Structures are given as structure tokens and as C-alpha cells.
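As a plain string of letters, each chain reads:
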Amino acid sequence: IGPGADKIFAMRCGLQRFDGAVQGWDNRRLHYRRAIFLDRDGVIIRQIESATTQLNICVFTISDDSITNSLLTVHKKGVPIKLITDNDKSFDVGSDVEQLARAGIAVKMDTTPNHMHHKFMVTDQRTLLTGSYNWTSSAARYNHENILVTREAGVVKSFAQQFDQLWNVMAKFE
């Protein structure tokens, strides 16, 4: 992908470009969507902290202490959090999964030989955050990652259903 690819993407989607993020409104449906390529504004943390009724998170791993601290803060405010992760990285040095579970956050894990490699979060059943962004300090500092935030009801519902299906078959973290 060459220089200007994001501008071409924005034009094709009818969006406007702002400081490393493509964002816009679809006025026909009034659905917000935003694509982020550098999370300088802390979109993940802001989305976590915006939760009032529930957070359903499905990520391969969490080792970014800023994200972990935001999750703990929201949990202490009484917002129910469910986390699905993969066992492959959960016990690595720097993984925050055990800390979150010890704090009382409900954690389930893929213990199959395959990987649960999703990276998404559904906030209050109305907003979806997804993309390639690993919830790691490396992603925050070094990697080329992307995040999409949307409130398009059909898309949010699909991810919420996928979360529920996975939650029902994953093993409880112990």
C-alpha cells in the first residue's frame, strides 16, 4: 500500500481524513464508524472507560498495562466485564490475564490446539471495536495496527452473537 492509500480508502467510503484516522457518518443510516491506524488518542481505553452496562472482550492476549488498568478501573465501578482469551499467551511474562481474573473479572479461555485469535470488544451492546490491534505494549509502541469502531447495529449484533457463542464453549480460566 503506497502513500495516499488511506485518502483513496476515505474517498471510496465517503469519509473524511483526520490526523491518522478515517472517520465519518453515514447520513442515510446515522451510523458512526471510525478507522484508526495509530492509537495515539487511546481509543481502546476511551471505549473501555465509556462502558456503563457491560464490556464483552475477545482478544488473543492482554499485556498493555494501560488497557489493564482501565479494565480494572471500570470493573471497580461495577461494570460487568467478560473476557475471552487464548491459552497460548496467557501465561507469558507480561500477560495481564491472571491479574484480571484475580480481580474478579470473568475470564474464559480457548484451550484447544487451535487459537482464538479474535480482537474485538462490544461495549454496552451498542459499540464494536475490532481490528488487527493486539492489546499489547508492542502494538502501542511499534506495530502497524488498525482499529475500527462502529455503532452499525447489524455488525455489533453479529459480533455480540459470536462472543456469546464462544463464551458458551470456552473453558473457565483457573
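Structure first, text after, so check above.
Think of each chain on its own: its residues are numbered from 1, step by step along the sequence as written. Totals for whole chains, interfaces and linings use every residue, but because this is a predicted model, local features are given only for residues with pLDDT of at least 70 and side-chain atom pairs only at 80 or more, for both listing and counting. Just so you know, side-chain values use all the structure's heavy atoms and leave hydrogens and water out.

*Asks:* What should I look at first to understand the environment of Thr-111 in this one?
*Replies:* Mapping Thr-111 onto the fold places it in the loop between strand E6 (106–110) and strand E7 (119–123). Each residue gets one of three labels from its accessible area relative to the maximum for its type: buried under 20%, exposed over 50%, partly exposed in between, using a 1.4 Å probe on protein chains only. On the accessibility criterion, Thr-111 (51% relative accessible area) is exposed. When the C-alpha atoms of Thr-111 and Ala-171 are compared, they prove to be 6.9 Å apart, with 60 residues separating the residues in sequence. Beyond its immediate stretch of four places on either side in the chain, Thr-111 contacts Asn-87 and Ala-171. Runs of H or I in DSSP of at least four residues are treated as helices and runs of E of at least two as strands, each being numbered from the N terminus. Contacts are assigned to residue pairs that have any heavy atoms within 4.5 Å of one another.

*Asks:* I would appreciate a short explanation of the packing of aromatic side chains in the present structure.
*Replies:* Aromatic rings in a pair are described by how distant their centres are and how their planes are angled relative to each other. The criterion for an aromatic pair is that two Phe, Tyr or Trp rings (for Trp, the six-membered ring) have centres within 6.5 Å, with stacked assigned to planes under 30 degrees apart, edge-to-face to planes over 60 apart and tilted to the rest. Using the criterion set out here, one finds 2 aromatic pairs in the structure. Relative to Phe-159, the ring of Phe-120 has its centre 4.9 Å away and its plane inclined at 75°; by these criteria the two rings are edge-to-face. Here Phe-159 lies in helix H7 (residues 153–169) and Phe-120 lies in strand E7, a separation of 39 residues in the sequence.

*Asks:* Whenever I open this one, unusual backbone geometry confuses me. Can you help?
*Replies:* Most peptide bonds take the trans configuration, and most residues that are not glycine carry a negative phi. Within the chain, Asp-124 stands out as a residue other than glycine whose phi angle is a positive 55°. For Asp-124, the location among the structural elements is in the loop between E7 and strand E8 (127–130). When its relative accessible area of 9% is taken as the criterion, Asp-124 is described as buried. Even without glycine at this site, Gln-125 takes up a positive phi of about 60°. Mapped onto the fold, Gln-125 is located in the loop between E7 and E8.

*Asks:* So what exactly am I meant to see when it comes to the nonpolar core here?
*Replies:* Looking at soluble globular proteins, one finds that nonpolar side chains tend to be buried together. Definition used in this section: a nonpolar core is a set of buried Ala, Val, Leu, Ile, Met, Phe, Trp, Tyr and Cys residues joined via side-chain atoms within 4.5 Å. In this structure, Ile-48, Leu-55, Ile-57, Leu-71 and Trp-135 are the most contacted members of the largest nonpolar core, which totals 29 residues. Elements supplying a minimum of two residues to this core: helix H2 (43–49), strand E4 (55–59), helix H3 (65–76), strand E5 (81–86), helix H5 (97–102), E6 and strand E9 (147–150). A per-element tally of this core places H3 first, with 4 residues. Not counting chain neighbours up to four residues away, the residues in contact with Leu-55 comprise Ile-48, Leu-71, Val-74, Val-79, Pro-80, Ile-81, Lys-82, Met-121, Val-122 and Thr-123.

*Asks:* For this particular structure, what's the right way to read the pairing of E4?
*Replies:* If a strand is regular, its side chains alternate between the two faces of the sheet. Counted residue by residue, E4 has 5 buried out of 5 residues, so it is predominantly covered. Alternating residues of E4 divide into Leu-55, Ile-57 and Val-59 and Asn-56 and Cys-58, and every residue in both groups is buried. Pairing between strands is defined by DSSP: at least two bridges between them are needed. Relative to E5, E4 runs parallel, the two sharing 4 bridges. Pairing of Leu-55 across the sheet is with Ile-81, part of E5. When the strands point away from the viewer, a crossover counts as right-handed if the path from the first strand over the helix to the second runs clockwise. At this point the chain moves from E4, through H3, to the parallel E5, and the crossover so formed is right-handed. Note: E4 against E7, 5 bridges, orientation antiparallel. Bridge pairing in E7 links Leu-55 to Thr-123.

*Asks:* Is there a simple way to think about the pattern of salt bridges in this case?
*Replies:* Opposite charge on two side chains permits pairing when their charged atoms draw close. Every case where a carboxyl oxygen of Asp or Glu lies within 4 Å of a side-chain nitrogen of Lys or Arg is listed as a salt bridge. Counted under the stated rule, the structure contains 2 salt bridges. Note that Glu-98 is salt-bridged to Arg-102, the shortest N-O span being 3.6 Å. Here Glu-98 and its partner Arg-102 are both found in helix H5, 4 residues apart, which amounts to about one turn of the helix. The shortest N-O distance in the salt bridge between Arg-126 and Asp-124 comes to 3.4 Å.

*Asks:* How should I be thinking about the side chain of Thr-123 in this particular structure?
*Replies:* Here Thr-123 is to be found in strand E7. Residue Thr-123 is classed as buried on the basis of its relative accessible area, which comes to 1%. Excluding its chain neighbours within four sequence positions, the residues that come into contact with Thr-123 are Gln-47, Ser-50, Ala-51, Gln-54 and Leu-55.

*Asks:* Even after reading the chapter, I still don't get H7, so can you show me in this structure?
*Replies:* Because the α-helix completes a turn every 3.6 residues, residues three or four places apart line up on one side. By definition here, a helix of n residues has an expected span of 1.5 Å times n minus one. Over its 17 residues, H7 extends 25 Å from the first C-alpha to the last, a length consistent with the 24 Å expected when each residue adds 1.5 Å. Those residues of H7 that fall on the buried side of the exposure criterion are Val-156, Ala-160, Phe-163, Leu-166 and Trp-167. On an axial view of H7, the arc spanned by its buried residues comes to 125°, and they lie on one face. Exposed and facing more than 90 degrees away from the buried side of H7 are Gly-154, Lys-157, Gln-165, Asn-168 and Val-169. The inward-facing, buried residues of H7 contact E4, E5, E6, E7, E8 and E9. Here, the arc refers to the directions that run from the helix axis to the C-beta atoms.

The quantities given are spatial measurements derived from coordinates; they are silent on function.
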